[in-house]
Every structure is written in structure tokens, then in C-alpha cells.
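Observations on the model geometry
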Amino acid sequence: MLPPNLFSLPADTEVIAPGEVLRRRNEVLTTVLHLESGRVLRGVLDDGFLRHQLGAVEGPFWLDAASALLGLPLPVDMVADTRVHVRRVPIEAFQRSLAAMPAGARGLLLDMAQGYRQQSELAVSRLAQDAESRCAQWLLNHAQPDHSGAMQVTLHQRKRLIAAQLGIAPETFSRVLRHLRELGLIHGTGNVLALPQPRALQSMAGC
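The present account deals with the structure reproduced in this document. Per chain, residues are indexed from 1 in the order of the written sequence. The predicted nature of this model means local features are confined to residues of pLDDT at least 70 and side-chain atom pairs, given and counted, to a pLDDT of 80 or more, with totals for whole chains, interfaces and linings taken over all residues. As a convention, hydrogens and water are excluded, and side-chain values are obtained from all of the structure's heavy atoms.

A word on the environment of Val21
Note the following rule: The secondary structure listing takes helices from DSSP runs of H or I that are at least 4 residues long and strands from runs of E that are at least 2 residues long, numbered from the N terminus. Exposure classes here rest on a 1.4 Å probe applied to the protein chains alone. A residue is buried below 20% of its type maximum, exposed above 50%, and partly exposed in between. The criterion used for residue contact is that any of the two residues' heavy atoms lie within 4.5 Å.
When you line up the elements, Val21 lands in strand β2 (residues 21-23). With relative accessibility at 31%, the residue Val21 sits in the partly exposed group. Distance in space between the C-alpha atoms of Val21 and Val79 is 4.4 Å, their sequence separation being 58 residues. In contact with Val21, not counting residues within four places along its chain, are Leu45, Met78 and Val79.

Following this line, the structure appears as C-alpha cells:
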């Protein structure tokens with residue numbers, strides 16, 4: 001998107017091993033990374049692993065230029081898939097170089113950056129929704145009426161095992177349950193969860 005010759009790149013390159021995290025979601029940028037060589041995966045980290053991959057990029061490539069252009073935190077996590085070489089440009093220097101560009105070109109870049117970011121945010125939100133849908137479906141599948149006829153779920157397995165059945169990280173499962181509590185779709189403590197609004201859960205599950 002941005003030719004590197006528009007910027008004064010530092011002479012030194014940083015070498016990053018495969019599996020290392022380059023950027024984290026919601027990180028506020030102080031530098032902008034130019035990927036000189038290698039491949040970087042974009043996605044969502046769960047329990048330290050990139051379980052949800054949204055794509056890969058190979059150098060030369062600006063890894064976080066869109067967020068830097070818009071002055072916003074990063075929407076995705078980034079992990080080195082291979083040995084990579086990057087150069088870090090201070091965000092102030094990056095923005096000064098942008099300010100020196102013709103207004104028309106700068107406006108076009110901003111429009112492209114906005115579209116790129118919207119696509120990334122939509123992809124991340126769909127991942128979160130997918131996890132919620134799977135959890136809602138699991139709760140409905142395991143629901144039984146209590147003595148009053150209200151629906152409830154008894155967790156006979158540890159949450160880590162349930163999360164593995166759903167194909168999500170334990171932290172994601174806990175986060176979804178917390179969100180469902182906040183929405184009033186489940187309540188209770190311990191191993192027994194009441195489902196006061198099963199129809200709302202059905203809607204979340206796409207039933």
C-alpha cells in the first residue's frame with residue numbers, strides 16, 4: 001500500500017523468530033513495522049496461540065500502516081510464521097512523512113486504510129459471534145428442566161474440556177459465559193447454570 005522509499009527507514013533490521021508475537025490486538029502504536037522479509041500471520045490469539053487465522057502477509061509489507069494512518073489501536077494480533085526481518089519507524093516520523101504527501105494521495109490512502117480496517121474488524125467480530133453461537137448451541141443441547149420446569153445446565157465436565165469440544169480456548173469460553181451473564185441469558189454459580197431466556201439463546205445460536 002505504501003512504497004517504503006517514501007519513508008526514512010532505519011538502517012538496522014530486527015530479526016524475529018517463528019511463533020513470536022509482533023503485535024497484539026488493541027495495542028496503541030508507538031512505532032510502525034515494515035516487514036522486510038518473511039511471513040506474518042494475522043488473526044486472534046487465544047491462550048497464547050493463533051487459533052483463529054484471518055490471513056497471512058509476506059514482505060515487503062507495512063504491517064500496521066492502516067492503524068497508524070487512522071490513529072487507532074490494532075484490530076488483530078500478528079505472529080511471525082517464519083523467521084522475519086522488520087524495521088521499526090517511530091510513529092511521529094511516519095506521520096510526518098505522510099503529511100508531506102500530496103493531499104489527494106493522502107486522502108486516497110486514508111480511504112483505503114478505513115476500508116481495510118473495517119474488513120478486519122468485521123472478521124474479528126464474526127469470530128467472536130461464532131464462539132457465542134457455538135456456546136449458546138451447546139447450552140441448549142445440554143439443557144434440562146428443573147423441578148419448576150425452568151431450563152438449566154449442569155456442567156459435568158471441567159470448562160477446559162467443554163471449550164475443547166467447542167473448538168475454542170478456555171479463556172474464550174469463560175469470556176462468552178461472562179458476556180451471557182451480562183446479557184441475562186444465564187445465571188447461577190458453580191456447576192449449575194439457569195437459562196432464563198432459552199429463546200434468546202436459540203436466536204444467538206441461529207436456531
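Quick look at the nonpolar core
The condition that has to hold: To qualify as a nonpolar core, a set must consist of buried Ala, Val, Leu, Ile, Met, Phe, Trp, Tyr and Cys residues joined through side-chain atoms within 4.5 Å.
If you look at the biggest cluster of nonpolar residues, it comprises 29 residues, and the most contacted ones within it are Leu22, Val40, Leu63, Val84 and Phe94. Those elements that place two or more of their residues in this core are β3 (31-37), β4 (39-46), α1 (65-70), β7 (77-80), β8 (84-90), α2 (91-99) and α3 (103-141). Not counting residues up to four positions away in its chain, the partners in contact with Val40 are Leu22, Leu35, Gly55, Ala56, Val57, Leu63, Met78, Val79, Asp81 and Val84. Membership of the second largest hydrophobic core comes to 24 residues, among which are Ile162, Val176, Leu193 and Met204.

Topic: the side chain of Asp77
Mapped onto the secondary structure, Asp77 falls in strand β7. If sequence neighbours within four positions are ignored, Asp77 has contacts with Arg23, Arg24, Arg25, Leu41, Arg42, Gly43, Val44, Leu45 and Leu50.

Description of the sheet that holds β7
What counts, and what does not: When DSSP finds two or more bridges between two strands, those strands count as paired. Axis definition: a line fitted to C-alpha atoms, limited for helices to the stretch in contact. Angles are taken between N-to-C directions and run from 0 to 180 degrees.
Spatially, β2-β7-β4-β5 is the arrangement adopted by the four strands of the open sheet, whose pairing is antiparallel. What marks the edges here is a single partner per strand, and that holds for β2 and β5 (49-58). Averaged over neighbouring strand pairs, the angle between their axes works out to 40° when direction is ignored.

Notes on the sheet that holds strand β9 (residues 144-145)
The three strands are arranged β9-β10-β11 in an open sheet whose pairing can be described as antiparallel. In this open sheet, the two edge strands, each paired with only one partner strand, are β9 and β11 (192-195).

Description of empty space enclosed by the protein
Filter applied, for reference: A 1.4 Å probe that fits but cannot get out identifies a cavity on a 1 Å grid over protein atoms alone, an open set with protein on both sides within 12 Å along at least five of seven lines counts as a pocket, and a residue lines either if it has an atom within 4 Å of a point. Grid points are joined across faces, edges and corners, and a volume is the space filled by probe spheres set on the points. Three classes are used, and their members are as follows: Ala, Val, Leu, Ile, Met, Phe, Trp, Tyr, Cys and Pro are nonpolar, Asp, Glu, Lys and Arg are charged, and the others, Gly among them, are polar.
Inspection of the entire model under this criterion finds one cavity of 30 Å³ or more. There is about 70 Å³ of room inside the largest cavity. Ala66, Ser67, Leu74, Pro75 and Tyr116 are the residues nearest the centre of the largest cavity, which is lined by 13 residues in total. Among the elements of the structure, α1 and α3 are those that each provide at least two residues to the lining of the largest cavity. When its residues are assigned to classes, the lining of the largest cavity shows eight nonpolar, two polar and three charged.

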